[in-house]
Amino acid sequence: MAKYLIPTADVVFKKIFGNHPHLLKSFLNAILPLPDDGQIVSLNYLSGEQIPVIPEFKRTIVDVKCIDQQGRTFIVEMQTDWIGGFMQRMLFNSASAYVQQLKKGESYSLLCPVYGVGIIADTFEFQDPSWYHHYQIVNIKNPVKKIEGLEFLFIELPKFKPVNKTEKYLQVLWLRFLSELDENTKMVPEEFLAIPEIREACALSEEAGYTKGELEGYNKYWDTISTAKTLADGNLKEGIAIGKAEGRAEGILEGITKGKMEGILEGIAKGKTEEKTKLAYKLLSINMPLSDIAVIVEMSLEELEKLLGSSLIG
């Protein structure tokens with residue numbers, strides 16, 4: 001009986017989608033918000049020179065340039081790494097992919113749109129039940145008006161549950177493959193095997209097909225995830241302790257499970273501005289959304305943004 005590795009681990013994800021363009025094409029056509037007449041017909045992996053490498057900041061899994069049915073070109077930048085500041089890294093990496101297309105003196109008309117895609121095996125939007133998050137740069141007063149060039153797609157796999165027939169069948173199967181296949185899988189579902197591309201992806205997830213070095217990288221990846229969650233949990237508890245020690249906290253946690261914030265009962269009472277700032281930065285350092293931080297420190301998003309001197313919107 002075959003033993004499987006978790007496909008969202010970087011070494012497995014890259015082996016499946018980074019080395020097999022026909023599988024990546026099938027996957028992207030299934031999950032991207034592309035029109036029926038705008039499906040990807042070909043793609044090419046970008047060379048390392050086209051994307052800047054910044055140690056300890058960039059953990060891109062796949063970067064590809066795609067051509068659709070109408071001959072339009074766009075770039076997809078994919079990540080599965082959710083650790084610390086994920087949103088900021090995705091924004092940076094996707095913007096870098098956009099900027100690095102041009103050489104000095106070339107026309108801006110040569111720029112291709114870029115999709116930043118995050119396939120996340122973790123939950124980061126606790127107050128939103130949606131698993132599919134599509135972001136564009138739009139006019140706040142008139143969202144129909146948008147600036148073309150950068151779009152972002154985040155998928156929270158733990159939330160993914162197919163619920164209706166309007167969802168694309170191939171999209172459902174690909175996301176089920178990423179969220180259901182793991183080291184405890186004894187038998188692959190028949191519907192996975194019925195799709196040639198997904199059947200091949202399952203075969204590429206079999207442990208027997210990996211070298212000793214690849215398996216060491218696989219185990220190191222999960223050790224890194226566990227360490228990051230432990231540190232995040234510690235930072236969060238430290239920030240809460242500071243607030244309570246100074247008499248500022250009335251009730252912060254409902255529960256922490258495996259390093260995740262499951263709920264917040266109440267925010268801290270009004271206190272000195274510097275103490276609110278201190279706690280806010282602590283929570284921000286573990287990538288908590290500004291909307292949740294605002295609840296904790298009892299401030300509006302606008303007040304919190306001004307307090308932190310940031311233009312981020314949670």
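Here the structure is a predicted model, which means the values were calculated and not measured.

### With respect to the environment of L173
Then comes step 1: Following the sequence through the fold, L173 ends up in helix α4 (residues 169-180).
Then comes step 2: Assessed through its relative accessible area of 1%, L173 is described here as buried.
Then comes step 3: Residues L173 and I195, spaced 22 residues apart in sequence, show a C-alpha to C-alpha distance of 8.8 Å.
Then comes step 4: Apart from the residues within four sequence positions on either side, L173 is in contact with E191, F192, I195 and I198.

### Details of the packing of α4 against helix α6 (residues 196-204)
Then comes step 1: At a minimum axis distance of 11 Å, the contact between α4 and α6 shows a crossing angle of 5°. Here α4 lies roughly parallel to α6, going by the angle between them. Along the contact surface, α4 presents L170, L173, W174 and F177, while α6 presents E197, I198, A201 and C202.

### Describing the pattern of salt bridges
Then comes step 1: Taken as a whole and judged by the stated rule, the model has eight salt bridges.
Then comes step 2: Residue E148 is joined to K146 by a salt bridge in which the shortest nitrogen-to-oxygen separation is 3.9 Å.
Then comes step 3: For K146, a relative accessible area of 35% puts it in the partly exposed group.
Then comes step 4: The shortest N-O distance in the salt bridge between R176 and E191 comes to 2.8 Å.

### Regarding the side chain of D68
Then comes step 1: In this fold, D68 is placed in strand β2 (residues 62-68).
Then comes step 2: One polar contact links the side chain of D68 to the main-chain amide nitrogen of Q70, over a distance of 2.9 Å.
Then comes step 3: Sequence-distant contacts of D68, that is, excluding residues within four places in its chain, are made with G38, Q39, I40, V41 and F74.

### Some thoughts on the packing of helix α2 (residues 21-31) against α6
Then comes step 1: In the contact formed by α2 and α6, the axes pass within 10 Å of each other and the chain directions differ by 120°. The angle between α2 and α6 places the two elements in the oblique class. Our pair here, α2 against α6, has a crossing hand that is left-handed. Between α2 and α6, the residues in contact are H22, L23 and S26 and E197, E200, A201 and L204, respectively.

### A closer look at the packing of aromatic side chains
Then comes step 1: Tallied over the entire structure, the rule returns 11 aromatic pairs.
Then comes step 2: Plain terms: the ring middles of W131 and F160 are 4.9 Å apart, the flat faces sit at 85° to each other, and that makes the pair edge-to-face. Of this pair, W131 sits in the loop between β4 (114-120) and β5 (132-138) while F160 sits in the loop between β6 (146-156) and α4; the two residues are 29 residues apart in sequence, bridging distant segments of the chain.
Then comes step 3: A connected cluster of aromatic rings, assembled from ring pairs, spans F13, F17, F27, W174 and F177.

Cut-offs used in this document
Residues numbered from 1 in each chain as written. Predicted model: local features only at pLDDT ≥ 70, side-chain atom pairs only at ≥ 80, totals over all residues. Heavy atoms only, no water. Helix = DSSP H or I, 4+ residues; strand = E, 2+ residues; numbered from the N terminus. Buried < 20%, exposed > 50% of the residue type's maximum accessible area, 1.4 Å probe, protein only. Contact = heavy atoms within 4.5 Å. Axes fitted to C-alpha atoms, helices over the stretch in contact; angles between N-to-C directions. Parallel < 35°, antiparallel > 145°, perpendicular 65-115°, else oblique. Salt bridge = Lys/Arg side-chain N within 4 Å of Asp/Glu carboxyl O. Polar contact = N/O pair within 3.5 Å; in protein donor to acceptor, adjacent residues only side chain to side chain. Left-handed = near helix turned anticlockwise from the far one by under 90°. Phe/Tyr/Trp six-rings, centres within 6.5 Å; stacked < 30°, edge-to-face > 60°.

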